[in-house]
Amino acid sequence: MDGIGQGPKVVFTLPIFGGIDITETIVIGWLIIVAVLLVCLYLTKGLSKKPTKKRQIVAEMFVGFVNNMVDTTMGKKWKRYAPYIATLLVYAVLGALVSLLGLRSMTADFNVPLTWALMTFILITYHKIRAGGVLGYAKGFASPIPVMLPLNLLSEVATPLSMAFRMFGNISGGAVITTLIYSALAGLSKLIHLSFEIGGIGLNAGQLFIPAVLSVYFDLFSGCIQAYIFATLTMVYVSSAADEGE
Amino acid sequence: MVLAKVTEFLTIDPATIVLTLCNTLILFLILKHFLFDKVNKVIDDRKNEIAESYKNADEAQRKAENLAAEYDAKIGKAKEEGAEIVRAATVKAQTRSDEIIAEARAEAKGIVDNANNEIEREKKIAVNQIKDEIAQIAISAASAVAEKEIGLKDNEKLIESFIEHVGEQ
């Protein structure tokens, strides 16, 4: 069965450094960037202090939503993190929702959540060092007692890994389940003679409605909630890392 | 059709990681530059404007209240002044009328006195005239009736007693 247990397809190979494979993930990422750029340009066209256009309200609602989220989770002084959190949210939500267009979910490629988790990890480490100095950061691993050192090291590494695997598992699992359900419904339709073939294209009646309902959960809900969880965890980890040294 | 190369379900591909990192940073810059910076600026501008207009409104209200208090004070003062003026005018008028009445009385009294004096004088003049006339008449009568020689002293005595008698009658 196509799609199950497979990673993203390689779209083309750049002929440098002995050939770099450009996968679906990256191409979809570019599409999302272009789409977001166009939407941003449209939404911020003709901004004014007294909003008259609907699109300004939408833009302000989105910015206000993210600002408010950062405010309540991280605090007022972290406002500059709002665009980064918005990036994670937008990229993760759109990356998961492209599956509704029949494309492969960007976040179903482990490399994507891993990249974001590594970015979060770098931010956590940066803020820990900034707050407590290199010495304080190193000491942090041996607290409250030196025996905890291996456990602390493990939990430090586990933070980004768990974040990456949580998102990857949810989205790719959803994709796998959706594919499995499609094939199962095809089999079921054939079994009860509700399968037709018109001009070489198979039509299975059972595939008409049920996958749409399940897709609401596995694609829409899961995609949005995982993006939200990832963004929230990033905010919590980064702000608590900065508070630790104080 | 070339069969597309398919990667493993779970691989770690450095190229994808690096490119995703770049993509994420690009998207971050796009969102920051084209959405957040612009919208935040507008929101901040609006906040400032609202704060400014509230400040102006408060100031205007305070000014208005000050002016109202000032005008109240002024009106109170003006009323007081008016009352004072009326009172002063009343007092002045009273004084003036008293003066006028006193003057009139004094004048009237002067006129009456003058008149009395005049009467007295006229009376005296009349009495004197009458006395002179009577003396004249007596002398002429005496000289006419009594042809006898009378000394000057006797004469005078006679006249005076005559006049005395006339006055008593």
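Up top you'll find the structure we're talking about.
Residues numbered from 1 in each chain as written. Chains lettered and ligands numbered in written order. Predicted model: local features only at pLDDT ≥ 70, side-chain atom pairs only at ≥ 80, totals over all residues.

**Things to note about the overall build of chain A**
Reasoning step 1: Regarding its fold elements, chain A presents 6 helices and 4 strands.
Reasoning step 2: Counting helices and strands in the order they occur from the N terminus, chain A gives β-β-α-α-α-α-α-β-β-α.
Reasoning step 3: Here the C-alpha atoms of chain A give a radius of gyration of 22 Å, more than 25% beyond the 18 Å that 2.2 N^0.38 yields for 246 residues.
Reasoning step 4: Put simply, chain A has 246 residues, and 35% of those count as buried. (Helix = DSSP H or I, 4+ residues; strand = E, 2+ residues; numbered from the N terminus. Rg over C-alpha atoms; globule rule 2.2 N^0.38 Å. Buried ≥ 20, exposed ≤ 12 C-beta atoms within 10 Å, placed from the backbone.)

**Some remarks on the sheet that holds strand E1 (residues 6–14) of chain A**
Reasoning step 1: The 3 strands lie next to each other as E2(A)-E1(A)-E1(B), forming an open sheet whose pairing is antiparallel. Each edge of the open sheet is held by one strand with a lone partner, namely strand E2 (20–23) of chain A together with strand E1 (6–8) of chain B. Taking the axes of each pair of neighbouring strands and ignoring which way they run, one obtains an average angle of 55 degrees across the sheet.
Reasoning step 2: Relative to E1(B), E1(A) is paired through 2 bridges, and the arrangement is antiparallel. Along E1(B), the bridge assignment pairs A:Gln6 with B:Glu8. (Pairing = 2+ DSSP bridges. Axes fitted to C-alpha atoms, helices over the stretch in contact; angles between N-to-C directions.)

**A closer look at the packing of helix H2 (residues 54–74) of chain A against helix H3 (residues 82–97) of chain A**
Residue and element names in this part refer to chain A.
Reasoning step 1: Between H2 and H3, whose axes approach to 9 Å, the crossing angle comes to 115 degrees. If you check the angle between H2 and H3, you find them roughly perpendicular. As for how H2 packs across H3, the hand of that crossing is right-handed. Contacts between H2 and H3 involve Val66, Asn67, Met69 and Val70 on the former and, on the latter, Ala82, Ile85, Ala86 and Leu89. (Parallel < 35°, antiparallel > 145°, perpendicular 65-115°, else oblique. Left-handed = near helix turned anticlockwise from the far one by under 90°. Contact = placed C-beta atoms within 7 Å.)

**A few points about the nonpolar core**
Reasoning step 1: If you look at the biggest cluster of nonpolar residues, it comprises 56 residues, and the most contacted ones within it are A:Ile85, A:Leu88, A:Leu89, A:Phe230 and B:Leu31.
Reasoning step 2: Broken down by secondary-structure element, the contributors of at least two residues to this core are helix H1 (24–43), H2, H3, helix H4 (111–140), helix H5 (149–191) and helix H6 (210–244) of chain A together with helix H1 (14–145) of chain B.
Reasoning step 3: Looking at this core, the element that brings in the most residues is H3(A), giving 12 residues.
Reasoning step 4: Non-local contacts of A:Leu88, meaning those with residues more than four positions away in its chain, are made with A:Trp116, A:Ala227, A:Phe230, A:Ala231 and A:Thr234. (Core = buried A, V, L, I, M, F, W, Y, C linked by C-beta atoms within 7 Å.)

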